[in-house]
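A closer look at the structure
Chain residues, written in single-letter form:
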Protein chains: 4
Amino acid sequence: MSRNIILVDPLPRTLDLIMTPDVRARLEALGEVVLSEDRPMPDAEVDALLPDTVLIFGQTAMPRERLDRAPRLRAIVNVETNFLPNIDYQACNERGIPVLTPASAFAAPVAEAALGLALDLARGITAADRAFRAGEEAYGLAGNEETFRFAGAPVGIIGLGDLGRSLRELIRPFKNEVRVFDPWLPAAAIERLDCRPAGLDELLETSQVVFVFASVTAENEGFIGAREFARMPKGAAFLLMSRAAVVDFPAMLDAVRSGHIRAATDVFPVEPVPADDPVRQLSGLILSAHRTGGTRDAFYEIGAMAVADAELIMRGLPPQLCRRADPATANRLRSKPVDVS
Amino acid sequence: MSRNIILVDPLPRTLDLIMTPDVRARLEALGEVVLSEDRPMPDAEVDALLPDTVLIFGQTAMPRERLDRAPRLRAIVNVETNFLPNIDYQACNERGIPVLTPASAFAAPVAEAALGLALDLARGITAADRAFRAGEEAYGLAGNEETFRFAGAPVGIIGLGDLGRSLRELIRPFKNEVRVFDPWLPAAAIERLDCRPAGLDELLETSQVVFVFASVTAENEGFIGAREFARMPKGAAFLLMSRAAVVDFPAMLDAVRSGHIRAATDVFPVEPVPADDPVRQLSGLILSAHRTGGTRDAFYEIGAMAVADAELIMRGLPPQLCRRADPATANRLRSKPVDVS
Amino acid sequence: MSRNIILVDPLPRTLDLIMTPDVRARLEALGEVVLSEDRPMPDAEVDALLPDTVLIFGQTAMPRERLDRAPRLRAIVNVETNFLPNIDYQACNERGIPVLTPASAFAAPVAEAALGLALDLARGITAADRAFRAGEEAYGLAGNEETFRFAGAPVGIIGLGDLGRSLRELIRPFKNEVRVFDPWLPAAAIERLDCRPAGLDELLETSQVVFVFASVTAENEGFIGAREFARMPKGAAFLLMSRAAVVDFPAMLDAVRSGHIRAATDVFPVEPVPADDPVRQLSGLILSAHRTGGTRDAFYEIGAMAVADAELIMRGLPPQLCRRADPATANRLRSKPVDVS
Amino acid sequence: MSRNIILVDPLPRTLDLIMTPDVRARLEALGEVVLSEDRPMPDAEVDALLPDTVLIFGQTAMPRERLDRAPRLRAIVNVETNFLPNIDYQACNERGIPVLTPASAFAAPVAEAALGLALDLARGITAADRAFRAGEEAYGLAGNEETFRFAGAPVGIIGLGDLGRSLRELIRPFKNEVRVFDPWLPAAAIERLDCRPAGLDELLETSQVVFVFASVTAENEGFIGAREFARMPKGAAFLLMSRAAVVDFPAMLDAVRSGHIRAATDVFPVEPVPADDPVRQLSGLILSAHRTGGTRDAFYEIGAMAVADAELIMRGLPPQLCRRADPATANRLRSKPVDVS
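Residues numbered from 1 in each chain as written. Chains lettered and ligands numbered in written order. Predicted model: local features only at pLDDT ≥ 70, side-chain atom pairs only at ≥ 80, totals over all residues. Heavy atoms only, no water.

Along the chain, L11 of chain A connects to P12 of chain A via a cis peptide bond; the corresponding omega equals 5 degrees. Inspection of the secondary structure assignment puts P12 of chain A in the loop between β1 (5-9) and α1 (15-18). Backbone torsion omega between E271 of chain B and P272 of chain B reads -5 degrees, so that peptide bond is classified as cis. Of note, D194 of chain B is a non-glycine position whose phi angle comes to about 60 degrees, a positive value. Residue D194 of chain B is classed as partly exposed on the basis of its relative accessible area of 31%. We note that H290 of chain C has phi near 45 degrees; this positive angle belongs to a residue other than glycine. In this fold, H290 of chain C is placed in the loop between β12 (285-287) and α13 (296-314). (Helix = DSSP H or I, 4+ residues; strand = E, 2+ residues; numbered from the N terminus. Buried < 20%, exposed > 50% of the residue type's maximum accessible area, 1.4 Å probe, protein only.)

Another point: the UniProt feature "domain: D-isomer specific 2-hydroxyacid dehydrogenase catalytic" (unreviewed entry) in chain A. Per the UniProt entry, the sites bearing "domain: D-isomer specific 2-hydroxyacid dehydrogenase catalytic" (unreviewed entry) are residues 22-319 of chain A in this numbering. Taken end to end, residues 22-319 of chain A is 36% helix and 14% strand, and its two terminal C-alpha atoms sit 20 Å from one another. (UniProt positions renumbered as here; feature names shortened; annotations may be inferred.)

Contact with chain B, which involves 58 residues of that partner, is made by 58 residues of chain A. For the pair chain B and chain A, the two sides together bury roughly 4,900 Å², of which 56% comes from carbon and sulfur. When residues of chain B are sorted by the area they lose upon contact with chain A, E112, R133 and R291 of chain B head the list and together hold 17% of the total. Summed over the shared surface of chain B and chain A, the result is 10 salt bridges. Between E137 of chain A and R280 of chain B there is a salt bridge, with its nearest N and O atoms 2.7 Å apart. When contributions to the side of chain B that touches chain A are tallied by element, the ones reaching two or more residues are α6 (107-123), α7 (125-133), α8 (162-170), β12 (285-287) and α13 (296-314) of chain B. Here the side of chain B that touches chain A takes 10 residues from α6 of chain B, the largest share from any one element. Class assignment of the residues belonging to the side of chain B that touches chain A gives a composition of 28 nonpolar, 16 polar and 14 charged. (Contact = heavy atoms within 4.5 Å. Buried area = accessible area lost by both parts, 1.4 Å probe. Salt bridge = Lys/Arg side-chain N within 4 Å of Asp/Glu carboxyl O. Nonpolar A, V, L, I, M, F, W, Y, C, P; charged D, E, K, R; others polar.)

Residue and element names in this part refer to chain C. Burial along strand β7 (residues 178-181) is two-sided: V178 and V180 and R179 and F181, pointing in opposite directions, are all buried. Two strands pair when backbone bridges link them, and strand β6 (residues 155-158) and β7 are joined in this way by four bridges, in the parallel orientation. Across the sheet, the residue bridging to G156 is R179, located in β7. Sheet topology note: the β7/strand β8 (residues 196-197) ladder contains two bridges and is parallel. For R179, the partnering residue across the bridge sits in β8 and is R196. (Pairing = 2+ DSSP bridges.)

This is how it looks when you write it as structure tokens:
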């Protein structure tokens, strides 16, 4: 009698990182879990398991020839959350094997932190705390000379995927006019969220607060550079929440250093940031060490989404929570795999 | 023919601080503005003007005998925003002269900053920035060891007046369960805002984030002390947004110092805070120099609300934006007058 | 030792109509309830009770001389909900005795019904049901020749008091542009609710759906007449929810009869409507027999609001749920007292 | 040089029905439109066009052998909106040709009408209008003996697809507790919309208002029958908005006739309904002739969604507005094709 193998190869994640005990129990109810989390599962072990494998949780390489040896495979869930080029997405598609990512698990914590950072830049929270500790605080109106109200300020969102949408919902009570630049979306998709589609230049010129949530593709590396920062109004706030590569990072630092804009960034071209990097002394910049998404609840959400969709798939139903890789676009994304959890 | 005097005695505010030119023009359309903003209007001048005065903008002393000499007075608008004991509220009430405050102009900016501070405490924004500058940042999950998600965290609001209500609306997208302690409100008024009425102890024991917006009265000075802080769960966040006197301030600092709670405060027992006050070195506390309300737009809002209500009153209609002093309660509030704008 | 009399004179209401047993128990905990609900309380009984009366629930006449004999009276709660001219509001004000109405208890049920009626007019629900019963239904697109989508249609609200505000909140998901005509409100009060202040003509000319929630005053009887209906776009919907006297009723019926507008009304110049009134045959009009407010829960809400505020008042706190009579405006309202509950 | 054919075979729709001129112009900018709307496009014509066809708008049969002859085909958009079995979905999937439906265009108008019908059943709008015309109206509380408030009533939604989600958003201001029965969805997907997952029986037993939006599949025909109606509380409201086949229609009528429930239906087992069908006389039922979705704006939305997604696809981007057929589930749906538009 055949076994139902669930091949779990989750590095750089571990199963305990992404699943609470109850979620793990639900996973184990779906089949026989074979786990490799000390090291990537060796090829020989993968190959031996494939004939009986029904689900893969992880980033195991799955070229066409391996798919040929996995006739019972029903889904691959990438729990690292970035689609890597080691899977033949086209071949998966032909076989009706969805490749899934629960990447949207990070959307809520990133958006929450993005709003926190935006309120901080607008109202000068971190800067005022620093001044207070230095004995240089200013009270009342004098303490608000360089602040602005986030409520009602024109907002620009660059990239209206899961992160951008999550942020958009969080800021509704502030009643900002929101412009969106996202060349992958039709105007109607933007308007449904009560935002206005805008070109990049228009967005930068009119927004007091700009959030960048765009993914990196072959085409958009460094697409926000000196020319773009110059278009922002003086004193505007810029928040880089997704990938350092979408901006010309030195140009961003220059725009902050000159006092033209204020900024917050959760990402850096090289991480960890070198100890002597002058970015550490830049006063108009709030520094966040790639930590806005990586909250404990987000990792558990990855596991919860993955298992819930796996349950549906094993019942013959379509997945509902994870995003499916589209062969045409999976290859356009250029995310580096994470090397720390 | 009689004049319609508008007596403007706005110190510690000035008219330019609280009115944009267009609002000032609307004020001037209501009557003849007589202004004293270099010094409080001298008694003799006040007394000379009263017979023709229809509106007072300011904190001019108005005992009963002065009211007797102002038969045409239709309203007093306190633009400093705290009701002082230098007005005979009962006598005003008898004469149908509303005493008004546009204090709610501060609600929106304070609530916005309160949310920013709460997100900061929850997600460690200011602390992480400080660590980064010190070369001690932690990335990803390691950078989230002491953070929690604001979304979904149980929230407690102490004092559901204008400030508390404004905050309550801002946090709706975060879907927190919200408990409210406000002994001046019936349960129904709390429940209408989708909050749960709670006793102080229950609120403190169950909330991960506590916002204090309570006014100071004769009865509630220092009502949150060591006993109360001890009831809060370890790691909870405490935000003091209204008046320092409602808490036992040293007890709050002790609770932060011991690591039991994290906190943010916009108010201090003595302001400006002495240069050598050890509060400046307390790492678990975000310091804000009584600056969350005093934004430029809030001051302009004071003037806009005051003039809009004055326009209604001059048309024989009830005011709609400012709050009316209630003789019974105006005397219970113990706000210190501001001495800086 | 003195008694604390609560004088309850609630006709045309009865205590059982407006209070659930638990609310009534709370009322009884506040003092000694003396009730007259078979007939209005006789003058002699009122006069005998006044010296010990602390609260009045009802519409008992309270001229100045009676107030003089009620030194311990702390509040009057009008449970019929319309301020009548049998109270000396000025004298109450002088004594610090608030006269309260829980009239806003009707706001939620009226607004809910108003939205139901508006959706009905827009989508043709009642008309389509009638056609179906007559064997004349039309399917699909053919059944929508005279319908329009409520979502996104320009809406006009005439009178933004409790009723109008309640409706405004209910329609938020439909994302209508909302214009408001309310001469008692400053622009800022309208804009805070994300509506646009408008003149009456502008509102009528631009709105696809017009809701009338205005109270009747000496000045506004019949202020929406033939001239005004003519300004509405053909096919627009008109909902009369407050008082028949604010419109020229025959002119409204003419505008419906001619096919220029469609309408719904909850009120009529004479109620009950005569059996042979031709209004009963008018096909473009939805007929509602003054029943949108009078739901069981609304009557209980009256009692609940009244008692909750009475509890606050007996504790020396200001009322929070009921509206206070303003001497200046109470006299301008011209509501007829209800003669049926 | 090759042509880019857009094969448009839209019956039972026509192009004018689903596209405003500006949308049609955008369609024509994508390629050479070849249209057959007087009759389904003849096979020979289809076959001749396929080698140069890049987009199909319509329900043209596309078995594998035809797909083999359409090497440049990039998408099929089903503008009738129901997936029919005349397409080889698996073969499309293998070739990376998405089969799309803009069916969600109907979600907003159906949900709006569903709320209108629910408010009508709750508050008795149509019934009261009918009584008024018959001279049997009851005023005030007497007119509310059989009504209930929709606000706060427990709601059940059966089927949380596009229609159910749209309704869920519309009713947010009413603050109902909402239970959802949808066996195709994980609990998390339901909870994200602030609803509670429930079994069918629990939902029926606890809900005052039940909305049915479920699609018909091989497994669920008639799944709501006499046993299920009996579980509903007396006086509850039942709204059938999707397909008649999901309920045992005679059992529904019996439950209405007996007075156990009140109901509204937009669908019937046979349409048009026979002239002598006794359903036309049933007083507790609101009759709607399959007209809640078919509004003019909904048909235009079909075209707008179809063209917007086609534009993305022609740019090499994934569609964003239409739903993609999933080979595994497209075959499970049993919608009858529409035969009237």
